[in-house]
Amino acid sequence: MLFFLTDLLVLGCINGIMVVGLNLQYGYSGLLNFAFYAFVAVGAYVAAVTTMGPPPSNFGVETYILQWSLPGPVGLLLGGLAAAAVGGLVFSFTVPRLRSDYLGIVTVAAAFIIWTFINNFIPLFDGANGLFGIPHIIGGTSLSTEEYSLVMAGLGVIILSAFIWASRRIFRSPYGRLLRATREDEVVVASLGRKAWHAQVWVYVAGCFMGGIAGGLYVFYLTAWDPNSFLPLESFFLMAALVIGGSGNYWGAVLGAFVILEGVNEVTRYVPTLGSSANAGSIRAIAIGILLILILRFRPAGLIPERWLHWYPRASSD
Amino acid sequence: MNALVVAIGFGLVTSAIVALAAVAVSLQISVTNFINFAYGDFMTFGAYVAWMADTHGVNFFVAVALGGIATGLLGVAANYLVFRPFMRRGVRPVTLLIAGLGVAFIVQNGIIILWGTDPQQFSVTIGDSLRVGPFLLTTGDLVIVAASVSLLALLHAMLRYTKFGKSLRALSNNLDLAQACGINVERMIAATWFICGILTAVAGVALVMEEGGLQPSVGFNELFVVFGAVILGGIGRPYGAMVGALVVGLMTEISAIYVNAAYKTAIAFGIVILLLLIRPQGIFTALGKTY
C-alpha cells in the first residue's frame, strides 16, 4: 500500500515538473509547444548515457554515445542542460518569427523529426531497442524497490517545490509581466518600446531545462527508456493537463498533472465495467478529450485561473 | 536514373492522396479560419467505416462512398458540438487548435475502442506492379490517381460554376459581407465540413491501400505531411494545396532513394519547418482567401 502511494507520488511529481515547465512556456507567453516530451526524452537519454557506463560485455548489443559513469545527480543536471541547449537551438530560431498556431505546427514537426531520428539512428541512443540497465540515482543497487521509490518521492517533491518557487519568481518579475503583457497584446507592448522575444526564448529554455530534469528523474526511476516512452502524443496530454488545470498558474499546472494525468489514469484503471484493460488507455484519452473541450468552453481559464495568483499579499506599497 | 523515374511514379501517387486531404484541409481553413488537428483522425475514421462496409460484403466503391458520408457527418457533428460555440465567441486561433486536439483524442481512441488496434486489410488490394509508360505502378495506384483527379476536378467545377461554389468563395473572402448579401453562413459552413469529410475519407482509404494496413494511428501520422502541402500552397488556398501536394509527394518519394526510407516523413516535416521560417509573410497574407 505504501509502495502504491510513493509510486503514485513519484510519477505525480515527475508529471508535475513537466507541466510546470510547460506552463512557463505556454502559460506565461501564450506560445504553443507540442514538442515538450521530446525535450523530456533528451534529458532522459543524456542522464542515462552519462551515468550507465559502457554496456556489459556479455551482451554487447547496446550501442550508444558517451558511455560515461558519472554520479547520478551530475547526470541528471547534464540531462537538464542538454534539454535546455536543444530547446535554445530550436526556439531561438522559431519563437521570434512565428505566430502561436504556426509555432504549434512547427513544434509538432520538430517532435516527429527528433523521434524519427532517435528511433532510426542506432549509434546515438541504441535506436528502437532503447537503453536498459540504467543505475539508480543514488545508493547503488542495495535499495529495495520500495525504499528506492521512497527516495525518489522525496527527491521529486524537493525538485518540484524548487521549480514552483522558480516559476513564482519569474511570474512576479518584470520579465513575467512583460511576457504576460505580450501574450495579451503584442502591439501595445511594442508601442511602449519593449520587445519580448528574448524573454520568450529564455522561458522556453527554462521550461526545456525543467523538462530535461523530469526526464532524468523518470529514467532513473524506470531504469529503462526507449522511443516508445516518448511518443509524440504524450506532449498533447501534457498540454491538455495544463489547459484543464489552469494555464498561467503554476498551482493549476500541478493540479493538472496530479488530477488529470495521474488521477484519470488511476480511475480508469479501476473501473472494470468499461471493458478490457487494453481499452483503459483509450478511455482515459477520451475522458481527457471531453474534459478539455468542456473546460475550454465553460471555464477557459482552467480550474485554477491565473488571476488567483494576484491574491498573494504584495511586498511593495501599492 | 531508372530508380528516379520509378520514384517519380510513386511520388505522383502519394501526391494524389495528399492532394485530396490537403485540399479538404485548405478549403475548411479558408472558410473557418482555424487549423483542425483532428483531420488525420477523420481520415482514419473514414477508412474504418469503409473497411467495415467492405467486410460486410458491400461493393468496394460503395463502401468508400459510405465512409465519405460518415466522415462528412462526423465533420458536421464536430462543427456543431465543438467548434461553432468557440467561433461564435470569437476566441483566439490557439484555443480552437487545442479544442481540435480534444476532438482528435476522442475520435482516435473511439476508433480503438470500436475496432481495436490490430492492423486490418481491405478485401481488394492494389494489385501487382505493371509498367505504365516509364513508371512502375499498380492498377490500384491508377484508380487512386484517377479518383483523386476526378474528385478535384469535380470540386473545381463546383467552386467555379455553381451558385453554391460562388457563395462559398464569397464566404471565404469576407464572411460579414457574404452574410449581408443573404448567404446562409451557418448552412454553408456545415456544407463545407461535409464536403471536406468526403474528400478526407477517400484520402484515408487511398492512404490505407498504399500503406497496406489500417491502424488507428494511420491518419494522425500522415496529418503533418498534409499540413506541409497546405502550408506550401498557402494556407486557405485549395488550388495552392494541389501544387503543394505535388511538391511534397514528389520530394518525399524521391528523397527515399538517397536517404534511409525511414526518414521519408521526417523530410516532409523538415520542409514544413523551413517553409514556415523562410516564408511566413507569404502564408499570413493568404489567410481567408479561396484563391
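Residues numbered from 1 in each chain as written. Chains lettered and ligands numbered in written order. Predicted model: local features only at pLDDT ≥ 70, side-chain atom pairs only at ≥ 80, totals over all residues. Heavy atoms only, no water.

Peer 1: Any chance you could break down the overall build of chain B for me, citing the residues and the numbers?
Peer 2: When helices and strands are counted, chain B shows twelve helices and two strands. Reading chain B from its N terminus to its C terminus gives the helix and strand order α-α-α-α-β-β-α-α-α-α-α-α-α-α. Relative to the globule expectation of 19 Å for 291 residues, the C-alpha radius of gyration of chain B, 18 Å, shows essentially globular dimensions. With the principal axes as the frame, chain B shows a C-alpha extent of 55 × 45 × 35 Å. Out of the 291 residues belonging to chain B, those deemed buried represent 57%. The long-range share in chain B, meaning contacts at least 24 apart out of those at least 6 apart in sequence, stands at 76%. For chain B, the computed accessible surface area is about 11,700 Å², with 66% contributed by carbon and sulfur atoms. For chain B, the centre of its 14 positive side-chain charges and the centre of its 11 negative side-chain charges are spaced 21 Å apart. (Helix = DSSP H or I, 4+ residues; strand = E, 2+ residues; numbered from the N terminus. Rg over C-alpha atoms; globule rule 2.2 N^0.38 Å. Buried < 20%, exposed > 50% of the residue type's maximum accessible area, 1.4 Å probe, protein only. Contact = heavy atoms within 4.5 Å. Areas by Shrake-Rupley, 256 points an atom, 1.4 Å probe, with all protein chains shown as cover. Lys, Arg positive; Asp, Glu negative; His and termini not counted. Charge placed at Lys NZ, Arg CZ, Asp CG, Glu CD.)

Peer 1: Can you explain the pairing of strand β2 (residues 135–138) of chain B? Please cite residues and give values.
Peer 2: Residues and elements named next belong to chain B. As judged from the four bridges shared by strand β1 (residues 129–132) and β2, these two strands associate in the antiparallel manner. For S129, the partnering residue across the bridge sits in β2 and is T138. Between the end of β1 and the start of β2, which pair antiparallel, lie two residues, with G133 showing a positive phi angle near 60 degrees. (Pairing = 2+ DSSP bridges.)

Peer 1: Describe in detail the packing of aromatic side chains, supporting the description with residues and values.
Peer 2: As enumerated under the stated definition, the model contains 34 aromatic pairs over all chains in all. Between Y148(A) and Y221(A), the aromatic rings sit 6.4 Å apart at their centres with planes inclined by 25 degrees, giving stacked as the arrangement. With Y148(A) in helix α6 (residues 145–172) and Y221(A) in helix α9 (residues 197–222), this pair connects stretches of sequence that are 73 residues apart. Their ring planes at 5 degrees and their centres at 5.5 Å tell us that F83(B) and W193(B) sit as a pair that is stacked. Taken as a pair, F83(B) in helix α3 (residues 60–89) and W193(B) in helix α8 (residues 185–211) lie far apart in primary sequence, 110 residues in all. Taken together, the ring pairs in this structure connect F34(A), F112(A), F236(A), F37(B), F220(B), F224(B), F227(B) and F269(B) into an aromatic cluster. Positioned above the aromatic ring of F171(A), the side-chain terminus of R180(A) is 3.9 Å from the ring centre. Lying across the ring of F237(A), R284(A) places its NZ or CZ 5.1 Å from the centre. (Phe/Tyr/Trp six-rings, centres within 6.5 Å; stacked < 30°, edge-to-face > 60°. Lys NZ or Arg CZ within 6 Å of the ring centre and 35° of its normal.)

Peer 1: Run through the side chain of T252(B), naming residues and quoting values.
Peer 2: Within the secondary structure, T252(B) is located in helix α10 (residues 238–258). Excluding residues that lie within four positions of it along the chain, T252(B) makes contacts with K264(B) and A268(B).

Peer 1: Before we move on, could you go through empty space enclosed by the protein and cite the residues and values that matter?
Peer 2: Residues and elements named next belong to chain A. Using the criterion set out here, one finds one cavity of 30 Å³ or more in the structure. When its volume is computed, the largest cavity comes out at roughly 40 Å³. Lining the largest cavity are Y37, A38, A111, W115, F230, L231, P232 and S235. A breakdown of the residues in the lining of the largest cavity according to their chemical character gives seven nonpolar, one polar and no charged. (1 Å grid on protein atoms, 1.4 Å probe; cavity = no way out; pocket = protein on both sides within 12 Å on 5 of 7 lines; lining within 4 Å. Points joined across faces, edges and corners; volume = space filled by probe spheres on them. Nonpolar A, V, L, I, M, F, W, Y, C, P; charged D, E, K, R; others polar.)

Peer 1: How would you summarise the interface of chain A and chain B if you had to cite specific residues and measurements?
Peer 2: If you look at the interface, chain A gives 41 residues, while chain B gives 42 residues. Summing both sides of the interface, chain A and chain B together bury roughly 3,800 Å²; the carbon and sulfur share of this comes to 80%. It is Y102(A), I105(A) and I293(A) that lose the most area in chain A upon contact with chain B, and together they represent 17% of the buried surface on that side. Taken together, chain A and chain B are joined by zero salt bridges. Summed over the shared surface of chain A and chain B, the result is two residue pairs in polar contact (both at pLDDT 80 or more). At the level of elements, α3 (72–94), α4 (100–120), α10 (233–245) and α12 (280–298) of chain A are the ones that each hand at least two residues to the side of chain A that touches chain B. (Buried area = accessible area lost by both parts, 1.4 Å probe. Salt bridge = Lys/Arg side-chain N within 4 Å of Asp/Glu carboxyl O. Polar contact = N/O pair within 3.5 Å; in protein donor to acceptor, adjacent residues only side chain to side chain.)

Peer 1: Explain a nonpolar patch on the surface to me, using residue names and the numbers behind them.
Peer 2: Residues and elements named next belong to chain B. A surface patch of nonpolar side chains, amounting to about 390 Å² of accessible area, comprises L12, V243, L246, V247 and M251. Ranked by residue count, the leading element in the nonpolar patch is α10, at four residues. Within the secondary structure, M251 sits in helix α10. (Patch = residues over 30% accessible without salt bridge, like charges linked within 9 Å, V, L, I, M, F, W, Y side chains within 5 Å.)

Peer 1: Talk me through helix α1 (residues 2–32) of chain B; I want residue IDs and the actual numbers.
Peer 2: Residues and elements named next belong to chain B. Its 31 residues give α1 an end-to-end C-alpha distance of 44 Å, which sits within 8% of 45 Å, the value for a rise of 1.5 Å per residue. A large share of α1 lies buried, amounting to 25 of its 31 residues. Where α1 terminates, the next one or two residues include N33, which has phi positive at roughly 65 degrees. (Expected span 1.5 Å × (residues − 1).)

In short, the description is geometric, and any link to function would need to be established separately.
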